[in-house]
Amino acid sequence: MAGLLQKSKYADNTIIAVTGDHNFWNVIGYSEKTMLDSFRVPFYLYIPNTLKPKNIDTSVFGSHLDILPTLYNVSISSTEYTAMGKNLLSNQTNNNIISIDNGFIMNNSSIVKYNFNNGEAAFYKWNRSKTGEIEQSSETKEHKDLIKHYLSGIAISDYLIKNTGK
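Residues numbered from 1 in each chain as written. Predicted model: local features only at pLDDT ≥ 70, side-chain atom pairs only at ≥ 80, totals over all residues. Heavy atoms only, no water.

K.L.:
Is there a simple way to think about the pairing of strand S5 (residues 110-114) in this case?
P.N.:
The buried count for S5 comes to four of five residues, which makes it a mostly enclosed element. Relative to S5, strand S4 (residues 104-106) runs antiparallel, the two being bridged by three bridges. Residue pairing across strands places Ile105 opposite Val112, the latter belonging to S5. Between the end of S4 and the start of S5, which pair antiparallel, lie three residues. In the sheet, S5 pairs with strand S6 (residues 121-126) via five bridges, with the strands oriented antiparallel. When the bridges of S6 are listed, Ser110 appears paired with Lys125. Counting the residues that bridge the hairpin from S5 to S6 gives six residues, and of these Gly119 lies at a positive phi of roughly 75°. (Buried < 20%, exposed > 50% of the residue type's maximum accessible area, 1.4 Å probe, protein only. Helix = DSSP H or I, 4+ residues; strand = E, 2+ residues; numbered from the N terminus. Pairing = 2+ DSSP bridges.)

K.L.:
Is there a simple way to explain the pattern of salt bridges in this structure?
P.N.:
Side chains bearing opposite charge may pair, as long as their charged atoms lie close to each other. Considering all chains together, one arrives at three salt bridges under this definition. One salt bridge connects Glu135 with Lys125, and the closest N-O pair in it is separated by 3.7 Å. With Glu135 in strand S7 (residues 134-136) and Lys125 in strand S6, this residue pair connects regions lying 10 residues apart in the sequence. The closest approach of N and O atoms between Lys141 and Asp145, which form a salt bridge, is 2.9 Å. One end of the pair, Lys141, and the other, Asp145, are both in helix H3 (residues 141-163), four residues apart, so they sit about a helical turn from each other. (Salt bridge = Lys/Arg side-chain N within 4 Å of Asp/Glu carboxyl O.)

K.L.:
I keep staring at the side chain of Asn127 and nothing clicks. Help me out?
P.N.:
Within the secondary structure, Asn127 sits in the loop between S6 and S7. When its relative accessible area of 15% is taken as the criterion, Asn127 is described as buried. A polar atom in the side chain of Asn127 sits 3.4 Å from the side chain of Glu135. If near-sequence neighbours (up to four positions away) are discounted, Asn127 is found in contact with Glu133, Ile134 and Glu135. (Polar contact = N/O pair within 3.5 Å; in protein donor to acceptor, adjacent residues only side chain to side chain. Contact = heavy atoms within 4.5 Å.)

K.L.:
So what exactly am I meant to see when it comes to the sheet that holds S6 here?
P.N.:
Strand pairing in a sheet relies on backbone hydrogen bonds, with the paired strands running either antiparallel or parallel. Strand order in this open sheet of five strands is S3-S4-S5-S6-S7, and the pairing throughout is antiparallel. In this open sheet, the two strands that pair with only one neighbour each are strand S3 (98-100) and S7. Ignoring which end each strand starts from, the neighbouring axes of this sheet average 25° apart. Note that S6 and S7 share three bridges and pair antiparallel. Its bridge partner lying in S7, Trp126 is registered against Ile134. Contacts from H3 reach S3, S4, S5 and S6, with the element oriented near 55° to S5. (Axes fitted to C-alpha atoms, helices over the stretch in contact; angles between N-to-C directions.)

K.L.:
How do you make sense of a nonpolar patch on the surface when you look at a structure like this?
P.N.:
On the surface, Leu65, Met84 and Ile156 cluster together into a nonpolar patch covering about 290 Å² of accessible area. Within the secondary structure layout, Met84 lies in the loop between helix H2 (67-75) and S3. (Patch = residues over 30% accessible without salt bridge, like charges linked within 9 Å, V, L, I, M, F, W, Y side chains within 5 Å. Areas by Shrake-Rupley, 256 points an atom, 1.4 Å probe, with all protein chains shown as cover.)

K.L.:
Teacher, can you tell me more about the packing of aromatic side chains here?
P.N.:
Given two aromatic rings, one states the distance between the centres and the angle between the planes to describe the pair. Tallied over the full model, the rule gives two aromatic pairs. Their ring planes at 55° and their centres at 4.5 Å tell us that Tyr72 and Tyr81 sit as a pair that is tilted. For Tyr72, a relative accessible area of 27% translates into the label partly exposed. Judged by centre distance (5.9 Å) and plane angle (70°), the rings of Tyr114 and Tyr150 are edge-to-face. Remark: Tyr150 occurs in helix H3 and Tyr114 occurs in strand S5; sequence separation between them is 36 residues. (Phe/Tyr/Trp six-rings, centres within 6.5 Å; stacked < 30°, edge-to-face > 60°.)

Below you can see the structure in the form of structure tokens.
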């Protein structure tokens, strides 16, 4: 698709963004080490060279919340907007914290599975020798900071829902 676009008159001002849904959660069995694979989603982003920021780091990870801020900053960067996510193409995602379904909160080194209802948590870290795998960990300050970030996000969301758009 991008190849055809690159040859068209729209090549210098068209961005293509494609994402998908989660895979077959109930069909594929995941071990504890690979359980986060069930939450992975594809994200393809084509940006023409005329709009593409320099020095893009494709190793950062994000969530669906980060897609729109990324697109806003590439396409309409002078427009003011409110978003819970971050621009994946900026330096602010070097240690991006994301939260996903089932109470998982993570950054590029630590993971917490947090139960909002009772405050119980399980602690993990990324296995540095096997990409995408996690391993159990004892609680660290970084885990505590992830939980604090998660709870702060819930409080901000609650406030915005109750106090904006009236």
